[in-house]
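Coordinate inspection notes
Residues per chain, in single letters:
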Amino acid sequence: MPPASHDIQRDPVGSYLEEWEALLAGWGERPFRAKQVFRWIHTRSVADPAGMTDIAKTLREKLTGATLHMPVVIERLHRAADDTRKVLVGFPDTPGSGTVETVLIPPMPDDDADDELDDEPNPAMPRIAARRVTQCISTQVGCAMGCVFCASGVAGLKRHLTAGEIVGQVLLGRTLLDEGEAIRNVVLMGMGEPLHNYDAVARALRLLTHRDGLDLSTRRVTVSTSGLVPEIDRLGEDFRGEVALAISLHAPTDELRSSLMPINRRYPLAELMPALRRYPLARRRRITVEYTLIRGVNDQAAHARALSKLLRGLSVKVNLIPLNPVEGVPYAAPVRDDVLSFQTRLRDDGYSVFIRKTRGDDIDAACGQLALQGAKPVKRTLPVFGGARDT
Ligand code: SAH
Ligand code: SF4
């Protein structure tokens, strides 16, 4: 059941179908009207009542009065030579509350079919060979976790996004698709720590996977986290392990991890690794381990060996991400040979290891970097650390 505290008028795009039904029932409308409104928003990306052409004018006026509108707008759109589209997203309701980014990533010509995730063929629905776009979305303006190599971490947390602002990025994204493309995967890897904004994120996940909405497959939605242990458990329980999980590990020891990611002091590896082991993954699914390689810091043979040992027995695939240097941060991208030997060492131990290909290079597609251009680092507080404290 949706929590009673949700205010449909404040976050209409983040509202469940049942909440629309309750609102419209109060107005004396028939239940199917709620589904019509919900479908306009979530399957057609139309949140302006004026555009809901099969709905009576009186109801449209009431919806306008109930502040139904799209909570996100495209402030800037960059399209790279490889067709990656990077969107700077603004919030018309709260001017001055910052911007976030979302990125649409078309498949690479040599992308394999990602077979392990393919749904059971449904004879009633012949598969249409759409080009499968992955959309990366943001969950907060800035981030409180303070990872030292990350532009969002350097900026600090400005605010949480609402469920409507999170889902709205995908609704906008869909309007930017080329013919023949479909959004097939959504990754919560833009700005922010998704599990620090749990309620809005969980609501957004339910909306993105709703049958009468975008109807994304839960298994094709990936939550990436820096490692908030209680919320990893909660996500596993709430979605029965169906939501794909990516863990940003970046270091195989507590000492190194704590120096890169302050969250590790709160939830060290001795707590994090068991949480990953008990995540109720479906059979044959794997957790993605993200490992950002930083020159001379975590990219040497000893690190690869220690990582291999740490991950033993876990069902994982490893994504190596060469650091995208952030202005004002004293870390460098790894040298190519170190990236390749890191990969080889892990592969020799039997792991699936991929090197994240750089996409949309000419538009600076690194995480969190577009929205922060020109932003000044602010004083950071870490509210998840048992009461806010400065870093
Ligand atoms: N807060 C979440 C999701 C957003 S960050 C998390 O940390 O998992 C998505 C990924 O980008 C994370 O693995 C993060 O560590 C990585 N990342 C952040 N800044 C980076 C940079 N400058 N270069 C390369 N990867 C970076
Ligand atoms: Fe936040 Fe993720 Fe950046 Fe860390 S890497 S500061 S958790 S967005």
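The following paragraphs examine the structure supplied in this document. (Residues numbered from 1 in each chain as written. Chains lettered and ligands numbered in written order. Predicted model: local features only at pLDDT ≥ 70, side-chain atom pairs only at ≥ 80, totals over all residues. Heavy atoms only, no water.)

Further remarks concern the site of ligand 1. Around ligand 1 sit 20 residues in total, of which Gly192, Ser224, Ser248, His250 and Asn324 are the nearest. One of the side-chain nitrogen or oxygen atoms of His250 is found 2.6 Å away from an oxygen atom of ligand 1. Contact distances for ligand 1 include 3.3 Å between an oxygen atom and a side-chain N or O atom of Glu290. Against a free-state accessible area of 530 Å², the protein chains account for coverage of 94% of ligand 1. (Near = heavy atom within 4 Å. Polar contact = N/O pair within 3.5 Å; in protein donor to acceptor, adjacent residues only side chain to side chain. Areas by Shrake-Rupley, 256 points an atom, 1.4 Å probe, with all protein chains shown as cover.)

A word on helix H1 (residues 17-26). Taken together, the buried positions of H1 are Leu17, Glu19, Trp20, Leu23 and Leu24. With its buried residues spanning 160 degrees around the axis, H1 presents them on a single face. In H1, those exposed residues whose orientation departs by more than 90 degrees from the buried face are Ala22, Ala25 and Gly26. As for H1, its buried residues are in contact with helix H2 (31-44), helix H3 (57-65) and helix H6 (198-208). One or two residues past the end of H1 sits Gly28, with phi positive at roughly 80 degrees. (Buried < 20%, exposed > 50% of the residue type's maximum accessible area, 1.4 Å probe, protein only. Helix = DSSP H or I, 4+ residues; strand = E, 2+ residues; numbered from the N terminus. Arc of directions from axis to C-beta. Contact = heavy atoms within 4.5 Å.)

In the structure shown here, the tally under the stated rule is one aromatic pair. With a centroid separation of 5.0 Å and 35 degrees between ring planes, the pair formed by Tyr291 and Phe342 is classed as tilted. With Tyr291 in strand S10 (residues 287-293) and Phe342 in helix H12 (residues 336-348), this residue pair connects regions lying 51 residues apart in the sequence. Phe342 matches Tyr291 in its accessibility class, with the two residues each being buried. Over the face of the ring belonging to Trp40 we find Arg44, whose NZ or CZ atom lies 3.8 Å from the ring centre. Across from the ring centre of Phe91, 4.7 Å away, lies the NZ or CZ of Arg159, which sits over that ring. (Phe/Tyr/Trp six-rings, centres within 6.5 Å; stacked < 30°, edge-to-face > 60°. Lys NZ or Arg CZ within 6 Å of the ring centre and 35° of its normal.)

So, on to the sheet that holds strand S7 (residues 181-188). Taking strand neighbours across the sheet as the criterion, the 10 strands line up as S1-S2-S3-S4-S7-S8-S9-S10-S11-S12 in an open arrangement whose pairing is mixed. At either end of the open sheet lies a strand with only one pairing partner, and these are strand S1 (73-79) and strand S12 (352-355). Geometrically, the sheet is characterised by an average inter-axis angle of 25 degrees between neighbouring strands, direction not taken into account. Where strand S11 (residues 316-322) and S12 come together, four bridges link them in parallel fashion. Opposite Val318, over in S12, you have Val353 as the bridge partner. (Pairing = 2+ DSSP bridges. Axes fitted to C-alpha atoms, helices over the stretch in contact; angles between N-to-C directions.)

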